[in-house]
Every structure is written in structure tokens, then in C-alpha cells.
Amino acid sequence: MFAGLLNKGLRGSLVLLAAIFVLTFLASYLSLVSIEQDNYPNLFYNYFSGTIQSKILVTLLNYLFIGLGVFLISLIAVNQEVVEKQNYFPVFLYLLLSAACVHPSNLTPQILTNIFILFSVYKLLDSYRKDDVLKNIFDAALWLCVSFYFSASSIIFFPFFFIVLFILRPFYWREWVIALLGFVTPVYIYECMAYLSNFNRWYLFESAQLYFSSIKIPVLSEYYLLLTLSLLLLLFVSLAHALTRGFGNKVKKQRSKSILLWYLFFASLSLFSGGANGSVIIASFAFPLSFFIGDFLYNMKQIKIANTLLAVLLLGVLIVFLAQFGAI
């Protein structure tokens, strides 16, 4: 059913993607309750969530963030050759997982944070085997640092940035210095503003300390159990399949898959941080999950099995929305 459309490129999958986007948007807007809440210290999120109260505006902004994330996933998948050009499984899965993580009555900071992380990764991938990429590297570092102020969980990706830079490019000290300047710039601007207004100075360092000091077991809602367990099992199978087959016949594709593995590693560090719950965990892992599982489903010769696995994921998402409607 769906699998036959998602392996035919944009033309084959566009109607399906648009339908899922519209249906989940309506479901989110009509939902009655949020089954989980975000507990991370998120400066700008706390400000905007207190300012924006209109449900339609909250839903529009959440799905604007999802749409931008889906667009960046498609750019990474197609333009950066992470998967085959006809493979739109990653785009579909990212849309599905992001929609399941949206809180119907509040802005969802992790979905917004993902945009900055995806853009940063895209700019780094775009620098592969190119000259004069200092602007790309500066932009990637700057926007990744901006994400620190929207969600404290993205702080763990600071070392990930330099690992990606090391994987994609030979060492040039100018590029690493430019990257450090990119990280320093948002902090410097914020601290100047905080000093002049005498408000919330050293926020980034205090939130990082709080984030890493509050270690606890994730609080997972029962409504996310089926989706979470299904994704976990599919991830293990997908990784085993990828390691058996290899990461592709092109060097860039191989390096891109190794970057996704590093992303999985750093995202795993956030599992036991205070505030972790089902929606935050799925949203944090949506980027690598969509590519590894999507590539596995695309290369599956049995279309019926691929459709069955997609049906299980859709059922998990349906349970989340039914819970938000108060139906279960």
C-alpha cells in the first residue's frame, strides 16, 4: 500500500505525504489533552509558550516546524545522497514520528530544535570535497549553538559537530577556528543582551549543568509504548542489515551513515537526563531512525512485509492520537 508509493520518489509519495501532514494537523488541532509535557530548561521555549496561547496558532507553528524538518530531511536524503533518490521512506517516517511527538496545546521545543540540528548537518554534508567552505562551517556551528537556547538537550551535540567535521574533511585549522567562532557568536550576543538587561546571565552554562546533573529513568507514557518498542526493534534489525550489506558503494554515503551512527550515540546520552519522556526521546531520535529504518524498508524485496511494518508504526501513532482525543 504505502511502501509501493514511497519507493517511487517525490512524484509517487507527494500525495501520501501531503495527506498525512493534513490529517495529523487536523488531529493535533482537535486533540483535547497532552499526554506528556516537556520538563527541560528551555529559555526561549518557556518565553514563547507563555506568550502564545491560541491553539490554532500553536498548531500552525508546530506543523510549520515539522514541515521545515521534513524539507531538510528530503534535502539531506536526495541532495546529499544519503539514500537512493527514489527512497522517500525517511521523509515519510520523519513526518510520522514528528507528528506523534507534537503536544496539541503547547509548542514542542524538540521539533524546533531538530530544524537547527538538521540544517547544521546539511551544511556540513554540503561542504564535503568542496573548497571555500568557511561560510558553511560557520553557519552550521552558529545555528547548532542557537538550538542550545531552544532545547537544553541539544547541548550534547557540541562534540558531535567536530566529529562530523573530522569525518567529512581533512584537518584545516582555519575551519576549526571558524567553527569555534560560530559557536561563540550566539553566546556572546546573548550574554551582551543579558548583561544590558540584567536578566538571566550565564543561562547556557547553568542550563547545561542542570541538564547533566538531573539523571533519572525516563518517564514513558504507556501510549507511546507500542511506537517506541516498534522503533527500537526496527532500529536493531535495520542496523544489523546495514552492517551486513555495508553502508553503500559511495564514499560520501558511507561517511553519512557513520555520521548517523554517531548521532545515535550522542542522542542516547540524553535518555537518562531529567525531563526525558516518550515524545522527547522519539523526537530526538527521529533523524537517524528515519534514515536507518527507511533505508531498510526501501531495500526490502517483500512489499507486503514492508507494508505490515509500516502498519504497525501507524498503529502506534494512532494510539497516541486516540489518547490525545481522550478516546482511550
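All chains use their own residue numbering, which begins from 1 and follows the written sequence. Given that the model is predicted, a residue must reach a pLDDT of at least 70 before its local features are reported, and side-chain atom pairs must reach 80 or more before they are shown or counted; all residues, however, enter totals for whole chains, interfaces and linings. The basis for every side-chain value is the complete set of heavy atoms in the structure, and neither hydrogens nor water enter the calculation.

A.B. asks: Lay out the packing of aromatic side chains in plain terms, naming residues and giving numbers.
C.D. replies: Stacked, edge-to-face and tilted are the three classes for Phe, Tyr and Trp ring pairs, Trp counted by its six-membered ring, which pair at centre distances within 6.5 Å; planes under 30 degrees apart are stacked, over 60 edge-to-face, the rest tilted. Across all of its chains, the model carries 22 aromatic pairs by this definition. Centroid distance Phe161 to Phe162: 5.3 Å. Interplanar angle 75 degrees. Geometry classified as edge-to-face. We classify Phe162 as buried; its relative accessible area is 12%. Pairing Phe162 with Phe183 gives two aromatic rings, centres 5.8 Å apart and planes at 35 degrees, and the pair type is tilted. Placement of the pair is Phe162 in helix α8 (residues 158-168) and Phe183 in helix α9 (residues 173-197), with a sequence separation of 21 residues. Like Phe183, Phe162 is buried. Within the aromatic cluster, the residues linked to one another by ring pairs are Phe157, Phe160, Trp262, Tyr263, Phe265, Phe266, Phe287 and Phe291. Summary of the burial criterion: residues with accessible area below 20% of their type's maximum are buried, those above 50% are exposed, and those between are partly exposed, where the area comes from a 1.4 Å probe applied to protein chains only. Under the scheme used here, helices are H or I runs from DSSP no shorter than 4 residues and strands are E runs no shorter than 2 residues, and both carry numbers assigned from the N terminus.

A.B. asks: Give me the packing of helix α5 (residues 89-101) against helix α13 (residues 278-298): which residues, what numbers.
C.D. replies: How two helices sit against one another is set out by the angle between their axes and by the gap between those axes. Axes here mean lines fitted to C-alpha atoms, for a helix over just the part in contact, with angles spanning 0 to 180 degrees between N-to-C directions. Axis separation between α5 and α13 bottoms out at 8 Å; the angle between their running directions is 155 degrees. Classified by the interaxial angle, the pair formed by α5 and α13 is roughly antiparallel. Here α5 runs over α13; the crossing is right-handed. Residues Phe89, Pro90, Leu93, Tyr94, Leu97 and Cys101 of α5 lie in contact with α13, whose contacting residues are Ser279, Ile282, Ala283, Ala286, Phe287, Leu289, Ser290, Phe291, Ile293, Gly294, Leu297 and Tyr298. A class-by-class count of the residues in the contact of α5 with α13 yields 15 nonpolar, three polar and no charged. For this classification, under 35 degrees means roughly parallel, over 145 means roughly antiparallel, 65 to 115 means roughly perpendicular, and everything else is oblique. Should the near helix be turned anticlockwise from the far one by less than a right angle, the crossing is left-handed, and should it be turned clockwise, the crossing is right-handed. Contacts are assigned to residue pairs with any non-hydrogen atoms lying within 4.5 Å of each other. Ten residues, namely Ala, Val, Leu, Ile, Met, Phe, Trp, Tyr, Cys and Pro, are considered nonpolar, four, namely Asp, Glu, Lys and Arg, are considered charged, and the remaining ones, Gly among them, are considered polar.

A.B. asks: An account of the nonpolar core is requested, with residue identities and associated values reported.
C.D. replies: Phe92, Phe157, Phe161, Phe287, Phe291, Leu297 and Leu310 are the most contacted members of the largest nonpolar core, which has 110 residues in total. In terms of residues, this core owes the most to one element, α13, which gives 12 residues. With sequence-adjacent residues up to four places away left out, Phe287 is seen in contact with Ile73, Ile76, Tyr94, Leu118, Val121, Leu260 and Tyr263. Within this scheme, the nonpolar core is defined by two criteria: the residues are buried Ala, Val, Leu, Ile, Met, Phe, Trp, Tyr or Cys, and they are joined through side-chain atoms within 4.5 Å.

A.B. asks: Residues and numbers for the side chain of Ser147, please.
C.D. replies: Structurally, Ser147 is set in helix α7 (residues 134-148). Excluding residues that lie within four positions of it along the chain, Ser147 makes contacts with Thr113, Phe116, Ile117 and Ser154.

A.B. asks: Provide a residue-level description of the side chain of Asn277, including the pertinent values.
C.D. replies: With respect to the element layout, Asn277 can be found in the loop between α12 (251-268) and α13. A residue is classified by how much of its surface remains accessible, and Asn277, at 4% relative accessible area, is buried. Engagement of the side chain of Asn277 in a polar contact is seen with the side chain of Ser279, the distance being 3.1 Å. The term polar contact refers here to a pair of N or O atoms within 3.5 Å; inside protein, the definition further demands a hydrogen-donor-capable atom paired with an acceptor-capable atom, and it admits residues adjacent in sequence only when both atoms are side-chain atoms.

A.B. asks: Residues and numbers for the pattern of salt bridges, please.
C.D. replies: Salt bridges are defined by distance alone: a side-chain nitrogen of Lys or Arg within 4 Å of a carboxyl oxygen of Asp or Glu. Considering all chains together, one arrives at five salt bridges under this definition. With its nearest N and O atoms 2.9 Å apart, the salt bridge here joins Glu175 to Arg169. Of the two residues, Glu175 and Arg169, both sit in the buried class. One salt bridge in this structure joins Lys257 and Asp295, with 3.0 Å as the shortest N-O distance. Of this pair, Lys257 sits in helix α12 while Asp295 sits in helix α13, and the two are 38 residues apart along the sequence.

A.B. asks: Tell me about a nonpolar patch on the surface, residues and numbers included.
C.D. replies: Like charges within 9 Å and nonpolar side chains (Val, Leu, Ile, Met, Phe, Trp, Tyr) within 5 Å are joined into patches, using only residues over 30% in relative accessible area that form no salt bridge. Each accessible area is a Shrake-Rupley estimate made with a 1.4 Å probe; only the visible protein chains count as cover when residues are assessed. Together, Val22, Leu26, Tyr29, Leu30, Ile56, Leu57, Leu60 and Phe325 give the surface a local cluster of nonpolar side chains, amounting to about 660 Å² of exposed area. Going through the elements one at a time, α2 (9-30) and α4 (55-79) are the ones with two or more residues in the nonpolar patch. Residue contributions to the nonpolar patch peak at four residues, all from α2. Locating Tyr29 in the fold gives a position in helix α2. You can call Tyr29 partly exposed: its relative accessible area is 33%.

A.B. asks: Describe in detail unusual backbone geometry, supporting the description with residues and values.
C.D. replies: You will see that Arg129, though not glycine, has its phi angle at about 55 degrees, which is positive. Locating Arg129 in the fold gives a position in the loop between α6 (109-125) and α7. The class for Arg129 is exposed, based on a relative accessible area of 66%. You will see that Asp132, though not glycine, has its phi angle at about 55 degrees, which is positive. Note on placement: Asp132 falls in the loop between α6 and α7. Overall, Asp132 belongs to the exposed group, its relative accessible area being 79%.

A.B. asks: Mind laying out helix α11 (residues 225-245), listing which residues take part and the relevant values?
C.D. replies: Multiplying 1.5 Å by the residue count of a helix minus one yields the expected span of that helix. Helix length check: α11 (21 residues) gives 30 Å between terminal C-alpha atoms against 30 Å at 1.5 Å per residue, within 8%. Among all positions in α11, only Leu227, Ser230, Leu231, Leu234, Leu235, Ser238, Leu239 and Ala242 are buried. The buried residues of α11 occupy an angular sector of 165 degrees when projected down its axis, which confines them to one face. Exposed residues lying more than 90 degrees from the buried face of α11 are Leu233, Phe236, Leu243 and Thr244. Of all possible arcs, the one meant is that of the directions from the helix axis to the C-beta atoms.

A.B. asks: Quick one: what's the story with the packing of α2 against α5, residue by residue and with numbers?
C.D. replies: In the contact formed by α2 and α5, the axes pass within 10 Å of each other and the chain directions differ by 5 degrees. Relative to α5, the element α2 lies roughly parallel. Residues Leu16, Leu17, Ile20, Phe21 and Thr24 of α2 form the contact with α5, whose participating residues are Val91, Phe92, Leu95, Leu96 and Ala99. Residue composition of the contact of α2 with α5, by class: nine nonpolar, one polar and no charged.

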